[in-house]
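For reference, the chains in residue letters:
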Amino acid sequence: MKIGLWLQDHRNDTEKRFNEVMNIVKKSDVDLIVLPEDAYIPFNHLLEEEDYVFTTLGKWFSEADKLAKKIGKPMMLSARQDIYFENTKDPRPFIFSYYTNPQATENETINRVYFKNTMTGYSPLEFEDYENSILEQWNQYAPIFLKGKKIGMTICYDCNHPIFSALYGVQNIDILINMTGGNVDYHKWYRYNQVRAIENECFSFVTMGYMPKRKENSYVYGFDPDGYNMSFSNLMDTTTKKSNIVDSVYVYDTDAYEAQPALTPSDPSENKYQDLFVEAGNISALIEKSKKLTDELYVLNQGSDNIIFVVCDGETVQVPEFVSALLYSDDLKRIPNKKYIIVNRRDDIEDKDFLNLQLDPLLRVRAMENYCAVILESPIANRCYQTSMNRKSQIVKEVDGKFGIDLSRTTGPEAIWSKSKNSVNVVRKDTYNKLIDICNEWASQINSEEE
């Protein structure tokens, strides 16, 4: 399948340029065209004239259908609508994506809506009836069927949280597409979306929009199910091999591509602040001193801190819904001042390519997405991973046979869903916790059916 990703240039948000790009897409052989989060679309003004998007598909959606029919291509578009509440001065933005294929065959999906969950002014995670309204009525995580492939879509920061993608992954999707606003840290977005491909065993694509006068730039990404970069073509310049040319449409072909060099791993670094020392290759010594809560959860008291060891040995660390269920477990609720360390012990690693190209990025992201430390013990490598304050990746340097962990950067879900960051995060966290349970239920049901 050929997927076109428009790296939109918001310096040239005009109806003229929009139509020029659509005409180029129309003449191409792409099977699907994807626009970035909150894209410039000439009919976005219609969102100010209709009912709220989470209650009805109004004029904007009709125009999107007409556009897709006009260019003869299925489309993924994204926009925002300002939601006004009583007794509030400013509106809260509600961001969504829309897939439309007016020319769908009998076995293909005609349309689907996805509502952004995180880093947004108003989130469906705040809905009291999320399970009923979003999962059942809107069928948000139902795969999109196109040309024999199953596709899922997410928006921007939702790719930082594994469950939003895993809800598709447990349904064995082939392709996952993320629409991001843009101007993000290249390495952070690379790692998150690379791992979403690896853990869900699917292709993963991202496109963005460029906003001037920002610190960071905007990019497109394409990863295969093994997490390798994919080769691409450019509709605006078929001769170029340069990536991330703004205002271009990049095309990734899931049936014909070359694997490209992966992101070069960073060198290990020693933490400035070190609160816990772990002997390389002997995390079991600390676990044996800990109180057992379950077969996978242990707690070690150290001063005012309670260090939670989350044991995900073998391949279980590669299953996002399994790891998430432990980190958000009810068994941990009453424990104060929690610090989280994921433990992955395995004796099945002999291939350095698997270690460095697949397991290493996955463990990095486990630390990043959960704001915790990760310990790996294997026959060919012992490693420790942490995340920086802004959730970038770090490999902790081994010094005198030990890893010095900074516990201030291991505060886990409590930090990610901190009320100080957003007053409604407590409600959003509770709903996310429910989604973890639902994801595991879906996985069990599907596995039973397959057996």
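Residues numbered from 1 in each chain as written. Predicted model: local features only at pLDDT ≥ 70, side-chain atom pairs only at ≥ 80, totals over all residues. Heavy atoms only, no water.

Peer 1: How do you make sense of the sheet that holds strand 14 (residues 233-234) when you look at a structure like this?
Peer 2: An order of 6-5-4-3-1-15-14 is seen for the seven strands of this open sheet, with the pairing classed as mixed. The two strands at the open ends of the sheet, each matched to only one other strand, are strand 6 (111-115) and strand 14. Pairing of strand 1 (residues 2-6) with strand 15 (residues 249-253) involves five bridges; the strand directions are antiparallel. By the bridge assignment for strand 15, G4 is matched with V251. Packed onto the sheet, helix 1 (residues 15-27) meets strand 1, strand 3 (32-34), strand 4 (75-83) and strand 15 and runs at close to 165 degrees relative to strand 1. (Pairing = 2+ DSSP bridges. Helix = DSSP H or I, 4+ residues; strand = E, 2+ residues; numbered from the N terminus. Contact = heavy atoms within 4.5 Å. Axes fitted to C-alpha atoms, helices over the stretch in contact; angles between N-to-C directions.)

Peer 1: How should I be thinking about the packing of helix 3 (residues 130-137) against helix 10 (residues 425-450) in this particular structure?
Peer 2: In a pair of packed helices, the angle between the axes and the distance between the axes together describe the arrangement. Where helix 3 contacts helix 10, the axes come no closer than 12 Å and their chain directions differ by 50 degrees. Comparing their axes, helix 10 and helix 3 come out oblique. Where helix 3 crosses over helix 10, the handedness of that crossing is right-handed. Listed contacts from helix 10 to Y130, E131 and L135 of helix 3 are T431, L435 and I438. Partitioning the contact of helix 3 with helix 10 into residue classes produces four nonpolar, one polar and one charged. (Parallel < 35°, antiparallel > 145°, perpendicular 65-115°, else oblique. Left-handed = near helix turned anticlockwise from the far one by under 90°. Nonpolar A, V, L, I, M, F, W, Y, C, P; charged D, E, K, R; others polar.)

Peer 1: Explanation requested: the nonpolar core in the structure shown.
Peer 2: Nonpolar side chains in soluble globular proteins tend to end up buried together. Core analysis: the largest hydrophobic core is formed by 126 residues, its most contacted members being W60, M76 and L435. The dominant element in this core, judged by the number of residues it contributes, is helix 8 (residues 352-370), at seven residues. Discounting chain neighbours no more than four positions away, the residues touching W60 are I41, F43, N44, L46, L47, E50, L77, A79, F96 and Y98. (Core = buried A, V, L, I, M, F, W, Y, C linked by side-chain atoms within 4.5 Å. Buried < 20%, exposed > 50% of the residue type's maximum accessible area, 1.4 Å probe, protein only.)

Distances and angles like these do not, on their own, reveal function.
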